Amino acid sequence: MNFFRGVMGGQTAGPQPSGAETIQKLCDRVASSTLLEDRRDAVRALKSLSKKYRMEVGTQSMDHLINILQTDRSDSEILGYALDTLYNVISNDEEEEQDENAQKQADDLGTQFTETFIQDPEHITLLLTLLEEFDFHVRWPGVKLLTALLKSQGVQVQGIILVSPMGVSRLMDLLADSREVIRNDGLLLLQQLTKGNAAIQKIVAFENAFERLLDIITEEGSSDGGIVVEDCLLLLLNLLKNNSSNQNFFKEGSYIQRMKPWFEVGDDNSGWSAQKVTNLHLMLQLVRVMVSPVNSPGATASCQKCMYQCGLLQQLCTILMATGVPADILTETINTVSEVIRGSQVNQDYFASVNAPSNPPRPAIVVLLMSMVNERQPFVLRCAVLYCFQCFLFKNQKGQGEIVATLLPSTIDANSISAGQLLCGGLFSADSLSNWCAAVALAHTLQDNLTQKEQLLRVQLATSLGKPPVSLLQQCTNILSQGSKVQTRVGLLMLLCTWISNCPIAVTHFLHNQDNVPFLTAQISENLGEDERLVQGLCALLLGICIYYNDNSLENYTKEKLKQLIEKRIGKENFVEKLGFITKHELYSRAALKPQPVFPSPEQMLFDHEFTRLVKELEGLITKAVHKSSEEEKKEEEVKKTLEQHDNIVTQYKELIREQDAQIQELKEKVSSMTTQTEQLQATVSQQQSQIQQHKDQYNILKLKLGKESQSQSSQGDTQVNGLQTEELSQLREELEELRRQQTLLQTQLSEKDALIDSLKSAAKAAEGPAGSGNTELLQELEALKNQVQAHLAEIGHLKAERQELLRRAEAGPSDTAPPTDGSSDAAKAELENRLAAQTAEMEQLKESRSGLEQQLAAATSTAAILQTEKAKLQTEVQESKKEQDDLLMLLADQDQKIHSLKQRLKDLGEMVRKHSLEVKQGHKTSLEVKPDQTFTSLLPSLP
């Protein structure tokens, strides 16, 4: 123990040993000591020396420490000391306040010891096994050691863990540890493990990492949480960035919906902590990873749709319009909203409807554009607003039309600020960055939209008082010719190139100004400095577009004349060389990488991503167009016409094929429906066939039973015959009841027809005259039908009487007849069968008579319908006669009143008056009562 006192700083006599000698003695003690306590004390001493004598401890003790890990598994304390010692030797975290050279040496030392440790992959497997120990003094140092190994030699360690059985699963268990220290260091370990390795990222994701991490974020307070939330978000970014499989798993698992509560900020946004800003920044980056333009279009569109449906986009727009939000969070929120709406029509329409909480309310687009053209706003914020505007217009022809419409004379509102007015203001301001941003924004309103390119030609600008307005196209070329800053001229040239490309009308308008072509040729032909080379290249591109999209409508500037002008003034080779200056520029390739405009400084803001695509598309076409002769162009035009004709024919055939496909599809649907119906009918038929078969079987069984009963012994013969008679009698009764019901029904119908015939007869008698002969014939026919019906009724009555007689005799037979012998019973049975056959025949005749009567009744019904029509006509005439009769009755009443007055006067004068000559007789009075079917002519004889 004196030895350890000397090592640990105790007072000993004699010279002190050096650090290397002490470490050597400790290593020998670890290797040779048989007592566990001695080895534990030696390892503890090595741990205390490992930071100061890192090189010596790592060189001399690593093998002994690894041996301790393999052999002393039962003692957690010595395992913890060994793991801590290895961590101190391999890790570079403690080397903080050192110069660059010392830090580099420390890094190299850590890398060297890491390589030594992982030379044998079993060492990593051993370390993974130790991580399964629940003891804190083993698990925590093991997590830190594995994290240090991954930091130093990540790729190699990842490969070993990937092939180790259940290696990643063991590490995922760290997130479920109840001790926060181990869980938090486990997060750091998984961050290092998932860096740049898609296979491990997938395994971690499918080990339910998303669920666990989101639960930890929620438990820690979301954006208001601490450093643990930041670590979880960094791990989520590692798992999702550039990993389409994990992104799809994240979306399908409905984890996007769980991100919405992260962005619920209150009204009071003052005093945001630095940690909250960091957390929210990472959360916004996580949203952007899911909708990044570099992802596949289908996956991006699906995530955009999900973010709109769950309300995440609405929450981001709330932050966008909130007050008090820190500038960097606002900038990142603008970039996030930009990518959420990019290329999604539904999201773009929603964003267009968002208003800022101002008085009066203004669209969010207008408020953002005001920030973009304001030179006092931060540069990164202005870039973010430009990106947002570009994403709003990406594949959004509706939005492009709305922006251009704010510039047209018919839609300008003098009382409000519109997006178009802000863009024009920025385009012609004194700030070159505003010029460039406004020019690029206007170019995006015209991107791949021929209609808006033509509409923008209508825009007129009032430059100053007393001067006529000029077109926007003319004003752009005027500013270009004034020799402004390079950034302004680059922006205007990009706008003009985008505007007139693929638009022959715009090319014609541009060439119509006589100053434009000389200005371009002068710019291209001059030998200018490095700064002006880009402007020369853009001028060459603009002139080349004028050649390629020229429709030869201007005689002075046809394709051929412009090519001749280039050959004389510039030279074809020189023109192509100047055109190549664009793609050779150092900032061109940077802008072509991704759509977001990211620039280190405002001076480097020269190229737009969409413009680089246009240059890539047109450079080769323009080069060919300049070198082509007129004959080649004619041939090309002929080929184009032929191809167009072929395309038209192909299009017609395609439409025909589409129509035929639709018809075939419709017929297939009909066939399928008919097949279904056929199957149903077949099932019904088979069911009915089975039922018929069942009935046949039942009938055969009954028939056999009846045959057996007829052949039974004579002692039971009488009973069986009586039973058969009873059965037959019940059937006869049922048939008689049915015939009675049918007879009653027929009698009811006959009585109704009789009433109808009587009414028609009365109407026919009253209408004797022009229609008399026709009505008489109809009545005769009806009378004949009635006679036939009566005859049939009589026949039915006769049959009924016969049936009653048969029933009476059948019922009376058993009681009146004595018990017969065998011969008499056979005779009685034969007699009953004869009767039954006779009655069955009579029933058949009755049924036939009934069907005949029903047919005659149907004929009578049709005849009655015809008579009913005639009756309606006659009733119309009766109504007219009634009106005339009413008028006559009124006259008779007046006359009667006058007679009574005259009679009274004669009586007063003493004259005798005959009663019958003045009074209306009783018979006459009754004759004045008119029946409904009585005509006016029948009333005349009743009048005095």
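Bear in mind that the values here come from a model prediction, so they are computed numbers and not experimental data.

Engineer: Describe the overall build of the chain, naming the residues involved and giving the relevant values.
Structural biologist: What the chain contains, in helices and strands, is 42 helices and 4 strands. Every one of the 944 residues in the chain was classed for burial, and the buried ones make up 42%. When contacts within the chain are restricted to residue pairs at least 6 apart in sequence, long-range pairs at least 24 apart make up 71% of them. Of the accessible surface of the chain, which amounts to about 51,300 Å², a share of 52% is contributed by carbon and sulfur atoms.

Engineer: Can you break down the environment of Asn396 residue by residue, with the values?
Structural biologist: Looking at where Asn396 falls in the secondary structure, it is placed in the loop between helix H22 (379-393) and helix H23 (397-405). Placed 51 residues apart in sequence, Asn396 and Gln345 show a C-alpha to C-alpha distance of 6.6 Å.

Engineer: With reference to specific residues and values, describe the packing of aromatic side chains.
Structural biologist: In this description, a pair of aromatic rings is defined by centroid distance and the angle of the planes. Across all of its chains, the model carries 11 aromatic pairs by this definition. With centroids separated by 5.5 Å and ring planes inclined at 40°, the aromatic side chains of Phe250 and Tyr255 adopt a geometry described as tilted. Of the two residues examined, Phe250 and Tyr255, each falls in the buried class. Here the aromatic rings of Trp436 and Phe599 are separated by 6.2 Å at their centres, their planes lie at 85°, and the arrangement is edge-to-face. Of this pair, Trp436 sits in helix H25 (residues 432-445) while Phe599 is found in the loop between helix H35 (586-593) and helix H36 (609-627), placing the two residues 163 residues apart along the sequence. Ring pairs connect the aromatic residues Phe206, Phe210, Phe249, Phe250 and Tyr255, which therefore count as one cluster. Here Arg179 stacks its cationic end above the ring of Phe134, 3.9 Å away from the centre of that ring. Cation over ring: Arg342 sits above Phe394, and NZ or CZ is 3.8 Å from the ring centre.

Engineer: Hey, could you go over helix H2 (residues 19-32) for me, with residue numbers and the actual values?
Structural biologist: For H2, built from 14 residues, the straight-helix expectation of 20 Å at 1.5 Å per residue is met to within 8% by its first-to-last C-alpha distance of 20 Å. Among the residues of H2, those classed as buried are Gly19, Thr22, Ile23, Leu26, Cys27 and Val30. Angular distribution of buried residues about the axis of H2 spans 135°; they occupy a single face of the element. Facing away from the buried side of H2 by more than 90 degrees, the exposed set consists of Ala31 and Ser32.

Engineer: Break down the packing of helix H4 (residues 54-71) against helix H7 (residues 121-130) for me, with residues and values.
Structural biologist: Axis separation between H4 and H7 bottoms out at 11 Å; the angle between their running directions is 50°. The orientation of H4 relative to H7 falls into the category oblique. By crossing handedness, the relation of H4 to H7 is classed as left-handed. Side by side, H4 and H7 meet where Ile66, Leu69 and Gln70 of the first sit next to His123, Leu126 and Leu130 of the second. Of the residues that constitute the contact of H4 with H7, the class distribution is 4 nonpolar, 2 polar and no charged.

Engineer: Give a description of the confidence of the model for the chain that names residues and reports values.
Structural biologist: The share of residues in the chain with pLDDT of 70 or more is 79%, and the mean pLDDT across the chain is 82. Considering only residues more than four positions removed or in separate chains, one finds that residues 713-725, a stretch of pLDDT under 50, has 8 contacts. In the model, residues 767-775 has pLDDT below 50 throughout and makes 4 contacts with residues more than four positions away in sequence or in other chains.

Engineer: Explain unusual backbone geometry residue by residue, including any values.
Structural biologist: Cis rather than trans, the peptide bond between Asn359 and Pro360 has omega equal to 0°. Mapped onto the elements of the fold, Pro360 is located in the loop between strand S1 (355-356) and strand S2 (362-363). Of note, the phi angle at Ser254 is positive, near 60°, even though the residue is not glycine. Tracing the backbone shows Ser254 in the loop between helix H15 (244-252) and helix H16 (274-290).

Engineer: Got a sec to walk through helix H29 (residues 504-512)? Specific residues and values, please.
Structural biologist: Given 3.6 residues to a turn, an α-helix orients residues that are three or four positions apart in the same direction. For H29, the full list of buried residues reads Ala506, Val507, Thr508, Phe510 and Leu511. Buried positions along H29 lie against helix H27 (472-481), helix H28 (486-500), helix H30 (516-525), helix H31 (530-548) and helix H32 (559-569).

Engineer: So what about the environment of Phe389? Which residues, and what values?
Structural biologist: Position of Phe389 among the secondary structure elements: in helix H22. Separated by 20 residues in the primary sequence, Phe389 and Leu369 place their C-alpha atoms 8.1 Å from one another. Here Phe389 is in contact with Ile365, Leu369, Ile403, Leu423, Ala441 and Thr445, once residues within four sequence places are set aside.

Engineer: So what's going on with the pattern of salt bridges? Residues and values would help.
Structural biologist: Under the counting rule described, the total for this entry stands at 21 salt bridges. Between Arg39 and Asp72 there is a salt bridge, with the nearest N and O atoms lying 3.1 Å from each other. Linking Arg39 in helix H3 (residues 36-49) with Asp72 in the loop between H4 and helix H5 (76-90), this pair joins segments that are 33 residues apart in sequence. With a relative accessible area of 9%, Asp72 lands in the buried category.

Engineer: Can you lay out the environment of Gly167 for me, pointing to particular residues and giving the numbers?
Structural biologist: Secondary-structure assignment places Gly167 in helix H10 (residues 167-172). The residues contacting Gly167, other than those within four sequence positions of it, are Leu128 and Ile161.

Engineer: Can you explain the state of the cysteines? Please cite residues and give values.
Structural biologist: The tally for this structure, following the rule as stated, stands at 0 disulfides. Of the cysteine sulfurs around Cys317, a residue in no disulfide, the closest is that of Cys388, at 8.3 Å. What makes Cys317 buried here is its relative accessible area of 3%. We note that Cys546 lacks a disulfide partner, and the nearest cysteine sulfur, in Cys497, lies 8.4 Å from it.

Engineer: Can you tell me about the packing of H2 against H3, naming the residues and giving the values?
Structural biologist: At a closest axis distance of 8 Å, the pairing of H2 and H3 adopts a crossing angle of 150°. One element, H2, and the other, H3, form an angle in the roughly antiparallel class. In this structure, H2 meets H3 at a crossing whose hand is left-handed. Mapping the contact onto sequence places Thr22, Ile23, Leu26, Cys27, Arg29 and Val30 in H2 and Asp38, Arg39, Ala42, Val43, Ala45, Leu46 and Leu49 in H3. Of the residues belonging to the contact of H2 with H3, the class tally is 9 nonpolar, 1 polar and 3 charged.

Reading the values: rules and limits
- For every chain, the first residue of its written sequence is number 1, and the numbers climb from 1 along that sequence.
- Owing to the predicted nature of the model, reporting of local features is limited to residues with pLDDT of at least 70; listing and counting of side-chain atom pairs is limited to 80 or more, with chain, interface and lining totals taken over all residues.
- The side-chain figures draw on all heavy atoms in the structure; neither hydrogens nor water molecules are used.
- Elements are defined by DSSP. Helices are runs of H or I of four residues or more, strands are runs of E of two residues or more, and each kind is numbered from the N terminus.
- Burial classification: accessible surface area is computed with a 1.4 Å probe over protein chains only, and a residue below 20% of its type maximum counts as buried, one above 50% as exposed, and the rest as partly exposed.
- Should any heavy atoms of two residues lie within 4.5 Å, those residues are counted as being in contact.
- Method for areas: the Shrake-Rupley scheme with a 1.4 Å probe, in which residue coverage is limited to the protein chains shown.
- Each pair of aromatic rings taken from Phe, Tyr and Trp, with Trp reduced to its six-membered ring, is defined by centres within 6.5 Å and is described as stacked if the planes are under 30 degrees apart, edge-to-face if over 60, and tilted in the remaining cases.
- Consider the ring centre and the ring normal. A charge sits over the ring if Lys NZ or Arg CZ is within 6 Å of that centre and within 35 degrees of that normal.
- In this scheme, a helix's expected span is set at 1.5 Å multiplied by one less than its residue total.
- The directions considered for the arc run from the helix axis to the C-beta atoms.
- For every element, the axis is a line fit to its C-alpha atoms; helices are fit only across the contacting stretch, and the angle between N-to-C directions ranges from 0 to 180 degrees.
- Each angle is binned into one of four classes, with values under 35 degrees roughly parallel, values over 145 roughly antiparallel, values of 65 to 115 roughly perpendicular, and all other values oblique.
- Here a crossing is taken to be left-handed if its near helix is turned anticlockwise relative to the far helix by less than a right angle, and right-handed if that turn runs clockwise.
- We call Asp, Glu, Lys and Arg charged. Ala, Val, Leu, Ile, Met, Phe, Trp, Tyr, Cys and Pro are nonpolar, and the rest, Gly among them, are polar.
- Scored from 0 to 100, pLDDT reflects the predictor's confidence in each residue.
- Salt bridges are identified by distance alone: a Lys or Arg side-chain nitrogen within 4 Å of an Asp or Glu carboxyl oxygen.
- We call a pair of cysteine sulfur atoms a disulfide whenever their separation is within 2.5 Å.

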